[in-house]
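The residues making up each chain are set out below.
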Amino acid sequence: MLTALDERMQNFVRRQEMMFVATGDPDESHDCTFVTGGAGFVRILSVNRLAWPEFDDATLSTAVADIQRDPRISLLFVDFARGAIGLHVTGLAKVLDDDAMRRACRSLNLDPALDLVADRRPTRWITVDVAEAFLSAAGELH
């Protein structure tokens, strides 16, 4: 169990095209959402901070509402093709509008891929400050 993403974990995240996002309200139920994008859709901002763009996808509306009430979040990245390897990440999430995120992370302004998804820019970003991260695997991590 680590408090930051080591190099193996970072490389693993960069290859992933999907993840499961678990959020919840402390007084109500929890929700798990499947999120997908091209390889690298989850950006590594630092060893202890991740972010991904959100395009007003209805599947994330519950997660966004949950995060605004309770920032605790769990992410699960699974690579089914390479031996059922999983990366578990827990932390605190924040929702930022696209302009605020691009001001905070200038390198995103230079990334044309962000403006090519469905011919539109993200409306907002979800960032996660990593509290814990660990790998679980049935196979070897490549």
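Structure report, in brief. Keep in mind that what you see is a predicted model, and the values were worked out from it rather than measured.

So, how was this worked out
- Here, residues in each chain are numbered from 1, in the same order as that chain's written sequence.
- Per-residue local features are limited, in this predicted model, to residues with pLDDT of at least 70; the limit for side-chain atom pairs, both in listing and counting, is 80 or more; totals at the level of whole chains, interfaces and linings are taken over all residues.
- Only hydrogens and water are set aside when side-chain values are computed; all heavy atoms of the structure are taken into account.
- Only DSSP runs of H or I reaching four residues or more are called helices, and only runs of E reaching two or more are called strands; each is numbered from the N terminus.
- A simple rule labels every residue: compare its accessible area, found with a 1.4 Å probe on the protein chains alone, to the largest value its type can have, and call it buried under 20%, exposed over 50%, or partly exposed in between.
- Note on areas: these come from Shrake-Rupley sampling with a 1.4 Å probe, and a residue is covered only by the protein chains present in the view.
- DSSP calls a pair of strands paired once it identifies at least 2 bridges connecting them.
- Convention adopted: a line fitted to C-alpha atoms gives each axis, helices being fitted over their contacting stretch, and angles between N-to-C directions are expressed from 0 to 180 degrees.
- It only takes one pair of heavy atoms within 4.5 Å for two residues to be counted as in contact.

## Considering the overall build of the protein chain
Along its length, the protein chain carries three helices and seven strands. Put simply, the protein chain runs from its N terminus to its C terminus through helices and strands in the order α-β-β-β-β-α-β-β-α-β. Every one of the 142 residues in the protein chain was classed for burial, and the buried ones make up 39%. Split by element, the accessible area of the protein chain, about 7,600 Å² in all, is 52% carbon and sulfur.

## Describing the sheet that holds strand β5 (residues 72-79)
The strand order across the open sheet formed by seven strands is β2-β1-β5-β6-β7-β4-β3, and the pairing between neighbours is antiparallel. In the strand order of this sheet, the two ends are held by β2 (30-36) and β3 (43-46), each with one partner. Sheet twist, expressed as the mean angle between neighbouring strand axes with direction ignored, is 35 degrees. Of the pairings in the sheet, the one linking β3 to strand β4 (residues 49-54) comprises three bridges and is antiparallel in character. Paired with S46 across the bridge in β4 is R49.

## Digging into the environment of V89
Its location among the elements puts V89 in strand β6 (residues 85-97). Its relative accessible area of 1% is what places V89 among the buried residues. Sequence separation between V89 and A133 is 44 residues, and the spatial gap between their C-alpha atoms is 4.4 Å. If we skip the residues at most four places from it in the chain, V89 touches L5, L50, I73, S74, L75, F77, V130, E132 and A133.

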